[in-house]
Protein chains: 2
Amino acid sequence: MYRIGEFSELSKTTIKTLRYYEKEGLLIPSFVDSQTGYRFYETSQLPELAKIISLRQMGLSITNIKSILNGSDLEQILKLRKQELETEISLSSSQLLQINNLLEGKSMEKEVIVKELPSYTVYYKEGVIKDFRDIVNFILQSAGECKSTNPNIKCVEPDYCYVSYLDGEYKETDIKIRYAQAVTQMGIPSETIKFETLNPVKAACIYHKGAYDNLRESYSFLLKWVEENGYEIAEPIRERYIDGMWNKASEDEWLTEIQVPIRKK
Amino acid sequence: MYRIGEFSELSKTTIKTLRYYEKEGLLIPSFVDSQTGYRFYETSQLPELAKIISLRQMGLSITNIKSILNGSDLEQILKLRKQELETEISLSSSQLLQINNLLEGKSMEKEVIVKELPSYTVYYKEGVIKDFRDIVNFILQSAGECKSTNPNIKCVEPDYCYVSYLDGEYKETDIKIRYAQAVTQMGIPSETIKFETLNPVKAACIYHKGAYDNLRESYSFLLKWVEENGYEIAEPIRERYIDGMWNKASEDEWLTEIQVPIRKK
DNA sequence: ATTGACTCTCCACTTAGGGGATAAGATAAA
DNA sequence: TTTATCTTATCCCCTAAGTGGAGAGTCAAT
């Protein structure tokens, strides 16, 4: 019979931990003095404790260990833990990759964030525009056309609308684009205006502040990030307008978000 | 100006998180109604928030992010986080390895635990014995010899003593062993009894219950584990006696611990 | 006036124990 | 026997980054 301190020495386990394991019902001292409350352990409990420690060593939770000791299926629990570990490792690896790229590049002016874009119901219109500056007209025209066949249509709050460039290459004239605007419900399609429900998708995103002149830098920065972090583009890129000439006078206050839908390569 | 719910939608961040970031001083709403307490955010705060989220995405703590925003050295903090990640990954990998080996072998009768053996001051004696059964005599004799030159020597409480086998090979006769016993302080060495302070060392350990007949199975199980989990033997193995013929009548109650000092290969 | 949607603050909860305060028991020295 | 030291007991608070919920106030529409 050993007192808790001696048993703690023997097993190289802290007293706090032993008391905690008793509270959790993992390892009950073989005798407790009802007068003083002193716990007493025996050497035969060292292998019991070793089992617990060995399971903790594999990262299993106290709850899991408890159910294993109560006769649950060890193999199943280990397989679950294995999956957990695999996701942990892949997460840590991608964080490490991100940090390493950042330390090499040493450019921290732009921040890329990965987020899950939810499902949206949108109306959209595709077309070819002569010049970038025609985008605004294209958008206004689309909105008008949609309103004409769907007079009660409502945009979501807060607003979500974007343009995708559909040419496979970079062009400065005759650009094929799609404009999409999220709405609260499906409407009646016309010849030019179609409706669609977007699937949720993970996207790498970046905010672009200011006028559109150097938007291309943001694109290339973001696409480099996607490449370096082991992703590939899953769907057309969305150029999302948050603040622009329609509500901000100063070009410096314009705000655009570039969203690149991604999947792990 | 957006209310918290709208800003939460815009940024894909939960309301709870936004309030928490305000409390932590990471992102203060651009306006708070002093009457109602309502928070109001502007689109210009989206990039601010993006910076925070991008740092969180790399696993940096709120505290670290706060100091980065206050102008701390980003590079240094990233390097620290990098180290953290590397240890995290190596820990998870070794847990995964352990689980995979277990799932393959499907033998869960024995539990291996890794622990840090502390520094001990020991007296020890080396010698050659004819047969395993002579170990007991060897030990008693060593204790007697030590007492004769060091009459006031005291063993540590609880006891720690072990035998190491010094032949490079497995032998059944003429076995060279070392017996070591932990004591509370250095003593005067004699011709046969020496003193030494052991360095702390990490060891893979297993308990062996019962008589010594099938001790070899425990050895081979433990050594297989060491091999499979990417370790190598760093020092002589310690066969540590906890319960034995000196205090337990029934052989079934004997308890021995095998400790293999290890290092990562 | 009421309803429903939204927001506020405050509190408890999550893991696996660690730190510390205070009181009582155990043991050895004086 | 008293005292001093060591050990143990219980109890409460703390961790990181939020999540969940209760109860109360706010806002716009009906």
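Residues numbered from 1 in each chain as written. Chains lettered and ligands numbered in written order. Predicted model: local features only at pLDDT ≥ 70, side-chain atom pairs only at ≥ 80, totals over all residues. Heavy atoms only, no water.

A. Looking closely at the protein's contact with DNA strand C. As a matter of local geometry, DNA strand C sits amid 20 residues, with T14(A), K16(A), G5(B), R19(B) and R39(B) nearest to it. Considering the 4 Å shell around the protein, atoms of DNA strand C inside it are sugar or phosphate in 78% of instances. Measuring from a phosphate oxygen of DNA strand C, one finds a side-chain N or O atom of T14(A) at 3.0 Å. One nitrogen or oxygen atom from the side chain of Y21(A) is found 3.1 Å from a phosphate oxygen belonging to DNA strand C. Broken down by secondary-structure element, the contributors of at least two residues to the surface near DNA strand C are α2 (15-23) of chain A together with α1 (4-11) and α2 (15-23) of chain B. Top element by residues in the surface near DNA strand C is α2(A). It accounts for four residues. (Near = heavy atom within 4 Å. Polar contact = N/O pair within 3.5 Å; in protein donor to acceptor, adjacent residues only side chain to side chain. Helix = DSSP H or I, 4+ residues; strand = E, 2+ residues; numbered from the N terminus.)

B. The arrangement of unusual backbone geometry in detail. Residues and elements named next belong to chain A. Residue P158 follows E157 across a cis peptide bond; omega there is -5°. With respect to the element layout, P158 can be found in the loop between α6 (135-149) and β6 (161-165). With a phi close to 55°, K12 is a non-glycine residue in the positive phi region. One can find K12 in the loop between α1 (4-11) and α2.

C. Highlighting the relation of the copies chain B and chain A. Each copy superposes on the other: chain B lies on chain A with an RMSD of 0.2 Å after a rotation of 180° and an axial shift of 0.0 Å. Both copies of the chain, as the preceding transformation shows, are related through a two-fold rotation axis. Minimal C-alpha separation from the rotation axis in chain B is found for I89(B), amounting to 3.0 Å. In this assembly the copies share their binding face: 100% of the residues contributing to the interface of chain B also contribute to that of chain A. (Least-squares fit on C-alpha atoms with pLDDT ≥ 70 in both. Contact = heavy atoms within 4.5 Å.)

D. Fine view of the domain arrangement of chain A. Residue and element names in this part refer to chain A. In terms of domain boundaries, chain A breaks down into domain 1 (2-69), domain 2 (73-108) and domain 3 (113-264). Taken together, the contact pairs seven residues of domain 1 with five residues of domain 2. Across the interface of domain 1 and domain 2, roughly 470 Å² is buried in total on both sides, 76% from carbon and sulfur atoms. Of all residues in domain 1, the largest losses of buried area upon contact with domain 2 belong to M58, L60 and I68, amounting jointly to 66% of the total for that side. Taken together, the links from domain 1 to domain 2 amount to zero salt bridges. (Domains from an automatic or database assignment. Buried area = accessible area lost by both parts, 1.4 Å probe. Salt bridge = Lys/Arg side-chain N within 4 Å of Asp/Glu carboxyl O.)

E. Main features of the packing of aromatic side chains. Counted under the stated rule, the structure contains 24 aromatic pairs over all chains. Where F132(B) meets Y165(B), the ring centres are 6.4 Å apart and the plane angle is 70°; that geometry is what we call edge-to-face. Here F132(B) is found in the loop between β5 (121-129) and α6 (135-149), whereas its partner Y165(B) is found in strand β6 (residues 161-165), with 33 residues between them in sequence. Among the residues examined, F132(B) registers a relative accessible area of 35% and is labelled partly exposed. Its relative accessible area of 26% is what places Y165(B) among the partly exposed residues. With 5.2 Å between their ring centres and 40° between their planes, Y212(B) and W254(B) make a pair best called tilted. Residue Y212(B) is found in the loop between β9 (201-209) and α7 (215-228), and its partner W254(B) is found in the loop between β11 (238-243) and β12 (255-264); the two are separated by 42 residues along the sequence. Pairwise contacts between aromatic rings join Y212(A), Y241(A), W246(A) and W254(A) into one cluster. Cation over ring: K125(A) sits above F138(A), and NZ or CZ is 5.0 Å from the ring centre. (Phe/Tyr/Trp six-rings, centres within 6.5 Å; stacked < 30°, edge-to-face > 60°. Buried < 20%, exposed > 50% of the residue type's maximum accessible area, 1.4 Å probe, protein only. Lys NZ or Arg CZ within 6 Å of the ring centre and 35° of its normal.)

F. Spatial organisation of the interface of chain B and chain A. Taken together, the 54 residues of chain B in the interface contact 54 residues of chain A. Roughly 5,100 Å² is buried in total at the junction of chain B and chain A, and carbon and sulfur atoms are behind 68% of that figure. Along the contact surface separating chain B from chain A lie two salt bridges. Ionic pairing is found between K51(A) and E111(B), a salt bridge with its closest N-O pair at 4.0 Å. The set of elements that each furnish at least two residues to the side of chain B that touches chain A consists of α1, α3 (45-57), α5 (74-105), β4 (113-117), β9 and β11 of chain B. Considering each element in turn, the side of chain B that touches chain A owes the most residues, 19 residues, to α5(B). In the side of chain B that touches chain A, the residues fall into 26 nonpolar, ten polar and 18 charged. (Nonpolar A, V, L, I, M, F, W, Y, C, P; charged D, E, K, R; others polar.)

G. Inspection of the environment of L27(B) at higher detail. Locating L27(B) in the fold gives a position in the loop between α2 and β2 (31-32). Those residues in contact with L27(B) that sit more than four places away from it in its chain are F7(B), L18(B), Y21(B), E22(B), Y41(B), Q45(B), E48(B), L49(B) and I52(B).

H. Focus on the sheet that holds strand β3 (residues 39-41) of chain B. All names here are of chain B. Strand order in the open sheet made by the three strands is β1-β3-β2, with antiparallel pairing throughout. Edge positions in the sheet fall to β1 (2-3) and β2, since each of these pairs with one other strand and no more. Here two bridges tie β1 to β3, and the two strands are oriented antiparallel to one another. What sits directly across from Y2, in β3, is Y41. (Pairing = 2+ DSSP bridges.)

I. Fine view of the sheet that holds strand β2 (residues 31-32) of chain A. Pairing within the open sheet is antiparallel, and its three strands lie in the order β1-β3-β2 (chain A). Each edge of the open sheet is held by one strand with a lone partner, namely β1 (2-3) and β2 of chain A.

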